[in-house]
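Remarks on the overall topology
Listed here are the chains, written in short residue letters.
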Amino acid sequence: MFKGVMLSVLASITFGILYFYTQLLGDLDGQQTFGWRIVATLPFLSLFMYFSGDLRYVKEIYQRIVQKPALLLMLIVTSFLSCVQLWLFLWGPMNGRGLQVSLGYFLLPLVLVLVGSVFYKEKLSKFQMVAVFFAVVGVGHELWRLGSIAWETMLVAIGYSLYFFIRKKMSTDNLGGFWWDIVLCLPIAIYFTQTGLSPYLKFAESPSLFLIVAGLGILSAIGLGSYILASRYLPMVLFGLLSYLEPVLLALVSLVLGESIGAGEWFTYIPIWCAVGILVIEGIWHLYTQQQKSKNLKRNIEKQNGRA
């Protein structure tokens, strides 16, 4: 579980960096940026999987497709759901809909907690129940403040939850399944790279754009790879609650860069920060109890050896 928590934290930090990194791609529009992100992610994701030992899942899923071709149809569904989210992540801030998209990421963990509790019968610890309470207060205030739920918000919250649910049902909730999602999306991504006037002229005019696109692929591979692995190692409930770290980090980075939180937004952010803080306390407490158990076990073994 500790490995899953660390992967989730790494993914959130990487997504926070990636959110601002896309500003370096100012010469590309939203569709081109999405296309190049998918194209650049695949080789670095494959490299990431090689070192993590997950490349074998690509072959395993291929063998399952040969035995049961209907699996390919479900992979097309998960590929569509995944790529829509990757597109929306870039499209929102570029088209003045970043607030609606970010609210979806606030709502997503609660939907994941609901999915984990209802469909997988996962039980919340006392710490997690308190964290959910604070998260509900924060998200509820934000919904009340905005007065409505935008389609972008619902697409993130429902779309991502459906994506993870289907992957678990299909037993493709590993990096191999995500690799196939990216591969199946590749034709559309390549098409998007061709849109606009003289799409390759921008690279000729600014050679550094090659390095920037490569960096986009590296960050995407690390962030998405860690995120998918975390979803596999962690219960749905804990995975959902840890997802709050990403919007919290985005808010903190925004503050460092000079942005400010409006008076009406504090009642959204403070409860969410409290929820994340409670999860941190639970993690520290869990490590402490594990150390105590190890020490007690070691003492008992030494006592038994002494008697012998």
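Looking at the overall build of the protein chain
Counting secondary structure elements, the protein chain contains 13 helices and 0 strands. When the helices and strands of the protein chain are read in sequence order from the N terminus, they spell out α-α-α-α-α-α-α-α-α-α-α-α-α. Counting all 308 residues of the protein chain, 48% fall into the buried class. Partitioning the intrachain contacts of the protein chain with sequence separation of at least 6 by distance along the chain shows that 87% fall at a separation of at least 24.

Some thoughts on the environment of G215
Here G215 lies in helix α10 (residues 208-233). It is 8.8 Å that separates the C-alpha atoms of G215 and Y21, two residues lying 194 residues apart in sequence.

Comments concerning the state of the cysteines
Among covalent bonds in proteins, the disulfide is the one between the sulfur atoms of two cysteines. Counting across every chain of the model gives 1 disulfide. C83 shares a disulfide with C185; S-S distance 2.5 Å. Within this pair, whereas C83 is found in helix α4 (residues 70-94), its partner C185 is found in helix α8 (residues 175-193), the two being separated by 102 residues in sequence. A single burial state applies to C83 and to C185, both of which are buried.

Points about the packing of aromatic side chains
Both the distance between ring centres and the angle between the ring planes are used here to describe each pair of aromatic rings. One pass over the full model with this rule turns up 10 aromatic pairs. Between Y50 and F51, the ring centres sit 5.3 Å apart and the planes meet at 80°, which makes this aromatic pair edge-to-face. Each residue in the set Y160, Y163, F164 and Y227 is aromatic and connected to the rest through ring pairs, giving one cluster. The positively charged end of R56 is found above the aromatic ring belonging to Y57, 4.4 Å away from the centroid.

Re helix α6 (residues 126-146)
Helix length check: α6, at 21 residues, gives a terminal C-alpha distance of 31 Å against a target of 30 Å (1.5 Å per residue), a fit within 8%. Along α6, the positions that sit buried rather than exposed are Q128, A131, V132, A135, G138, V139, H141 and E142. Just past α6, the residue G147 takes up positive phi, approximately 85°.

Details of the confidence of the model for the protein chain
Averaged over every residue, the pLDDT of the protein chain is 81; the share at 70 or more is 87%. Here helix α12 (residues 245-256) stands out as the least confident element of the protein chain, with mean pLDDT 65; helix α3 (residues 56-67) is the most confident, with 94.

Comments concerning the pattern of salt bridges
A full pass over the atoms with the stated rule returns 2 salt bridges. Where R167 meets D181, a salt bridge forms, and the shortest distance between an N and an O atom there is 3.6 Å. Of this pair, R167 sits in helix α7 (residues 151-170) while D181 sits in helix α8, placing them 14 residues apart in sequence. Of the residues examined, D181 reaches a relative accessible area of 0% and is grouped as buried. Between K168 and D173 there is a salt bridge, with the nearest N and O atoms lying 3.7 Å from each other. A relative accessible area of 24% means that K168 is categorised as partly exposed.

Some words on the side chain of D54
If you trace the backbone, D54 turns up in the loop between α2 (30-52) and α3. Despite its burial, D54 pairs with no opposite charge; the closest candidate is R56, at 5.3 Å N-O. Apart from the residues lying within four places of it in its own chain, the contact partners of D54 are M49, L175 and L229.

Observations regarding unusual backbone geometry
Backbone geometry places S171, a non-glycine residue, at a positive phi of 60°. Along the chain, the position of S171 falls in the loop between α7 and α8.

Observations regarding the packing of α7 against α10
Remark: α7 packs on α10, axes separated minimally by 11 Å, with the N-to-C direction vectors making an angle of 60°. Taken together, α7 and α10 sit at an angle that is classed as oblique. For α7 against α10, the interelement crossing comes out right-handed. Between α7 and α10, the contacting residues are Y160, Y163, F164, R167 and K168 on the first element and Y227, I228 and S231 on the second. Here the residues of the contact of α7 with α10 are counted per class, giving 5 nonpolar, 1 polar and 2 charged.

Notes on the environment of V183
Its place among the elements puts V183 in helix α8. For the pair V183 and I76, spaced 107 residues apart in sequence, the C-alpha to C-alpha distance is 10.0 Å.

Quick notes on a nonpolar patch on the surface
A cluster of nonpolar residues, L47, Y50, F51 and L55, forms a patch on the protein surface that exposes about 460 Å² of accessible area. Among the structural elements, Y50 can be located in helix α2. Taking the relative accessible area as the measure of exposure, Y50 reaches 56% and is therefore exposed.

Calculation criteria
Residues numbered from 1 in each chain as written. Predicted model: local features only at pLDDT ≥ 70, side-chain atom pairs only at ≥ 80, totals over all residues. Heavy atoms only, no water. Helix = DSSP H or I, 4+ residues; strand = E, 2+ residues; numbered from the N terminus. Buried < 20%, exposed > 50% of the residue type's maximum accessible area, 1.4 Å probe, protein only. Contact = heavy atoms within 4.5 Å. Disulfide = S-S within 2.5 Å. Phe/Tyr/Trp six-rings, centres within 6.5 Å; stacked < 30°, edge-to-face > 60°. Lys NZ or Arg CZ within 6 Å of the ring centre and 35° of its normal. Expected span 1.5 Å × (residues − 1). pLDDT = per-residue confidence, 0-100. Salt bridge = Lys/Arg side-chain N within 4 Å of Asp/Glu carboxyl O. Lys, Arg positive; Asp, Glu negative; His and termini not counted. Axes fitted to C-alpha atoms, helices over the stretch in contact; angles between N-to-C directions. Parallel < 35°, antiparallel > 145°, perpendicular 65-115°, else oblique. Left-handed = near helix turned anticlockwise from the far one by under 90°. Nonpolar A, V, L, I, M, F, W, Y, C, P; charged D, E, K, R; others polar. Patch = residues over 30% accessible without salt bridge, like charges linked within 9 Å, V, L, I, M, F, W, Y side chains within 5 Å. Areas by Shrake-Rupley, 256 points an atom, 1.4 Å probe, with all protein chains shown as cover.

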